[in-house]
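Here is how the chains run, residue by residue.
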Amino acid sequence: MPRRKTKLQADNLVQGVSQQVETKQTLNHCRDRQNIDGSIIHGNTKRPSLWFDDQLNIPPRTDQAEHFYHRDLTEQYLIIAREDNLQVFDRLTNQEIPVTAPQGFGYLNSPNSPSKDLCFLTLGDYTLVCNKTVTVQMTGVTTSEYRHQALLYVTQGDYGTTYKVTINGVERASVTTSDTDVDQTSTVWIAQQIKDQLRANLPSGTYIVNGTGSVLYITVSAGLDFDITATDSIGNDAIRTVKEQIQRFEDLPERAPHNYVVRVSQSVGRDEDDFFVRFVADDPLSTESRGVWVETISPGVEFEIAKSTMPYFLVREANGTFTFRQGDWEDRVLGDDKTVPKASFIGQKINHMFFFQNRLGFLSRGNLITSRTASYFNFWRRSARTKIDSDPIDIAATTSKVLELHYAFPFDQRLVVFSDEAQLISEGGSSYTPANASLEVASEYECDVRTAPISVGTSIFFTVKKGRYSAVMEMQRVDNADARLFADEITEHVPHYLPEGRFKLCASSRSPSKLVLSNPGRTRAWT
């Protein structure tokens, strides 16, 4: 029996497009809707019009990446980046703003295309531009190696006590104090007697012995090294030596040459709790000046991140122009690779940038890395001696799977991180610190990472592949004790509406409509 068509009056098409079977469609559904806006109040009306504003001075048919920079109501900019150039346009006047590039635009070069390889993040007047194909590296420059030198200091003088100094297995000085002369119990007198003997007994021109108080400073010619030990007859605690390393910070002398570096090894056989100190003299030109020991960086260690491999800065200058330049990334100033380790993005590529809990953050492979609190361009610990809440965070997902992290969004006071196979949550309670920060799998929805998710109001939208087509998922805020994330497919009624491919999601919290922009330039919308 042939199908019969029945015409019915539809007040509006507010239910939009549906590819469900006809028996499940309502009167307000349609198979397709072009240039029509459905409203419960106004019925079917023509889609709000667009208008031509101006034509920007950009090369035609060129792949590019765009970023909108909304500084305030009077300053709004459109940033367009290509492989060989970066332009900034005033969105209110459509005028191009001058951009200077002291290091050029070479960082923008991408093997795929700028729209795929470049991402942006604006922090105040700084817009960070990240090339996701660039591997972050250290410069290879290291701090100066240890000088072959030693400190020798007398801590206690006593009657009838013998003090000996041995260098390279040979006794070079031996001083015995009087049983009755109080002057010989002075630590200064003992140290000066040892200095005189060392100068007389050590090869001239090879060793230099200085010091006018109870602390002596011994150096050797460049290219040579030496061993030194000191003993006394009252328990070997009345005279001490420091050469490169000491076990207790409290045992360091109150005088030393300016910038003298010592490693403090607190635990035998453990390097993780070691730290390095440098003597800062009150008078740097004097070898006898008092001063303080301050924490410092290890000799012979890499300390400088190659700024040419880190995200670049697009800076809005005070005169209204822009500068595209290398970033002000800070160097390591403390410890070594064990006590103050490099961030895990060193030697890897940065996939995404985010801002959370007053920290700048990166995603790199399976790790989430943040800067120090309120110090956005510093990814080094503040101290090797103690862990501080404001120190950088560097954590990996707590899962048996190998996950590549691609996107992160602050969401409901937590950070939602997307991989291609799962969604993860990073949180730390009332404060976000290295001690309590976590990164745990909260849901396992597949995600098409070719399309960046978007966060709108209380929802996050992301896409999944379904054969030759794509679907859009909506993740909303859910109060639950186990911190799980739940998402619903909001395009389930149109399974063949969005062709499979790379898209750009667009939405606004002021409008119920969501847009999908596909590569051929076609726009799909739903409400």
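Reading the values: rules and limits
Residues numbered from 1 in each chain as written. Predicted model: local features only at pLDDT ≥ 70, side-chain atom pairs only at ≥ 80, totals over all residues. Heavy atoms only, no water. Pairing = 2+ DSSP bridges. Helix = DSSP H or I, 4+ residues; strand = E, 2+ residues; numbered from the N terminus. Core = buried A, V, L, I, M, F, W, Y, C linked by side-chain atoms within 4.5 Å. Buried < 20%, exposed > 50% of the residue type's maximum accessible area, 1.4 Å probe, protein only. Contact = heavy atoms within 4.5 Å. Salt bridge = Lys/Arg side-chain N within 4 Å of Asp/Glu carboxyl O. Phe/Tyr/Trp six-rings, centres within 6.5 Å; stacked < 30°, edge-to-face > 60°. Lys NZ or Arg CZ within 6 Å of the ring centre and 35° of its normal. Expected span 1.5 Å × (residues − 1). Polar contact = N/O pair within 3.5 Å; in protein donor to acceptor, adjacent residues only side chain to side chain. Disulfide = S-S within 2.5 Å.

Chemist: Even after reading the chapter, I still don't get the sheet that holds strand β10 (residues 118-123), so can you show me in this structure?
Modeler: Each strand in a sheet pairs with another by means of backbone hydrogen bonds, the pair being arranged parallel or else antiparallel. Pairing is mixed in the open sheet, where five strands are placed in the order β9-β24-β23-β11-β10. Of all the strands in the sheet, the pair left with one neighbour each is β9 (99-100) and β10.

Chemist: Would you take a moment to explain the pairing of strand β27 (residues 367-370) for this structure?
Modeler: Sheet faces and side chains relate simply in a regular strand, where the side chains alternate between the two faces. Bridge count for strand β26 (residues 359-364) against β27 is four bridges, and the pairing is antiparallel. If you follow S364 over to β27, its bridge partner there is N367. Hairpin connection between β26 and β27: a loop of two residues separates the two successive antiparallel strands, and R365 in this loop has a positive phi of roughly 50 degrees.

Chemist: What's the story with the nonpolar core in this structure? I'm lost.
Modeler: When a protein is soluble and globular, its nonpolar side chains tend to lie buried together. L86, W293, W329, F345, L360 and F362 are the most contacted members of the largest nonpolar core, which has 61 residues in total. In terms of residue count, β10 provides more of this core than any other element does, five residues in total. Every residue in contact with W329, bar those within four places of it in the chain, is listed here: L128, K307, M310, P311, F313, L360, F362, Y376, F377 and F379.

Chemist: Looking at this model, I keep getting lost on the pattern of salt bridges. Mind explaining?
Modeler: A side chain with one charge can pair with a side chain of the opposite charge if their charged atoms come near. In this structure the tally under the stated criterion is 23 salt bridges. Taking the shortest distance from any N to any O, the salt bridge between D328 and R325 comes out at 3.0 Å. Residue R381 pairs with D391 through a salt bridge whose shortest N-O separation is 3.8 Å. Of this pair, R381 sits in the loop between β27 and β28 (393-396) while D391 is found in the loop between β27 and β28, placing the two residues 10 residues apart along the sequence. The same class applies to R381 as to D391, namely buried. Several salt bridges converge on common partners, so that one network encompasses R71, D72, E75, D125 and R316.

Chemist: Can you walk me through the packing of aromatic side chains in this structure?
Modeler: Two measures describe an aromatic ring pair: the distance that separates the ring centres and the angle between the ring planes. Applying the stated criterion across every chain, the model contains 25 aromatic pairs. Ring geometry for Y77 against F322: centres 5.0 Å apart, planes inclined by 80 degrees, an arrangement best described as edge-to-face. Here Y77 is found in strand β6 (residues 76-82), whereas its partner F322 is found in strand β24 (residues 322-325), with 245 residues between them in sequence. Residue classification places Y77 among the buried residues on the basis of a relative accessible area of 4%. Assessed through its relative accessible area of 1%, F322 is described here as buried. Taking the centre distance of 6.1 Å and the plane angle of 55 degrees together, the rings of Y126 and F377 count as tilted. Placement of Y126 in strand β11 (residues 126-131) and of F377 in the loop between β27 and β28 is noted, with a sequence separation of 251 residues between them. By relative accessible area, which is 27% here, Y126 ends up partly exposed. One cation-aromatic arrangement involves K243 over F226; the distance from NZ or CZ to the ring centre is 5.3 Å.

Chemist: Please explain the sheet that holds strand β5 (residues 65-70) as it appears in this structure.
Modeler: Strand order in the open sheet formed by four strands is β5-β6-β7-β8, and the pairing between neighbours is antiparallel. At either end of the open sheet lies a strand with only one pairing partner, and these are β5 and β8 (96-97).

Chemist: Hey, could you run me through the environment of L151 in this one?
Modeler: Among the structural elements, L151 can be located in strand β12 (residues 149-154). Take L151: its relative accessible area is 0%, and that puts it in the buried class. Separated by 102 residues in the primary sequence, L151 and P253 have C-alpha atoms spaced 8.6 Å apart. Setting aside chain neighbours within four positions, we find L151 in contact with V215, L216, Y217, R240, T241, V242, P253, A256, P257, Y260 and W293.

Chemist: Explain the environment of T219 to me, please; I cannot follow it from the model alone.
Modeler: Along the chain, the position of T219 falls in strand β16 (residues 215-220). Put simply, T219 and A150 are 69 residues apart on the chain and 6.6 Å apart in space, counted from C-alpha to C-alpha. Not counting residues within four places of it along the chain, the set of residues in contact with T219 comprises R147, H148, Q149, T206, Y207 and I208.

Chemist: What is the right way to look at the side chain of S470 in this model?
Modeler: Take S470: it is sitting in strand β35 (residues 469-476). Not counting chain neighbours up to four residues away, the residues in contact with S470 comprise V464, L498, P499, E500, G501 and F503.

Chemist: What is the right way to read helix α2 (residues 187-201) from this model?
Modeler: What sets the pattern is the α-helix's 3.6 residues per turn: residues three or four places apart point alike. Over its 15 residues, α2 runs 21 Å from end to end, which matches the ideal 21 Å to within 8%, given 1.5 Å per residue. Taken together, the buried positions of α2 are occupied by I190, A191, Q192, I194, K195 and L198. Considering only its buried residues, α2 is in contact with β12, β13 (162-167), β14 (170-176), β15 (207-210), β16 and β18 (239-242). If you check the start of α2, you find a side-chain oxygen 3.2 Å away from the backbone N of V188, and it comes from S186.

Chemist: When you look at the state of the cysteines in this model, what are you seeing that I'm missing?
Modeler: Tallying each qualifying case throughout the model produces zero disulfides. Sulfur of C130: no disulfide; nearest cysteine sulfur belongs to C119 and is 4.2 Å away. C130 sits in the buried class, given a relative accessible area of 1%.

Chemist: Whenever I open this one, unusual backbone geometry confuses me. Can you help?
Modeler: Both trends apply: most residues other than glycine have a negative phi, and most peptide bonds are in trans. Located in the positive-phi region is N94, a residue other than glycine, with phi close to 65 degrees. One can find N94 in the loop between β7 (85-90) and β8. The buried category is assigned to N94, whose relative accessible area is 18%. The phi dihedral of Q357 is positive, around 50 degrees, even though this residue is not glycine. Among the structural elements, Q357 can be located in the loop between β25 (352-356) and β26.

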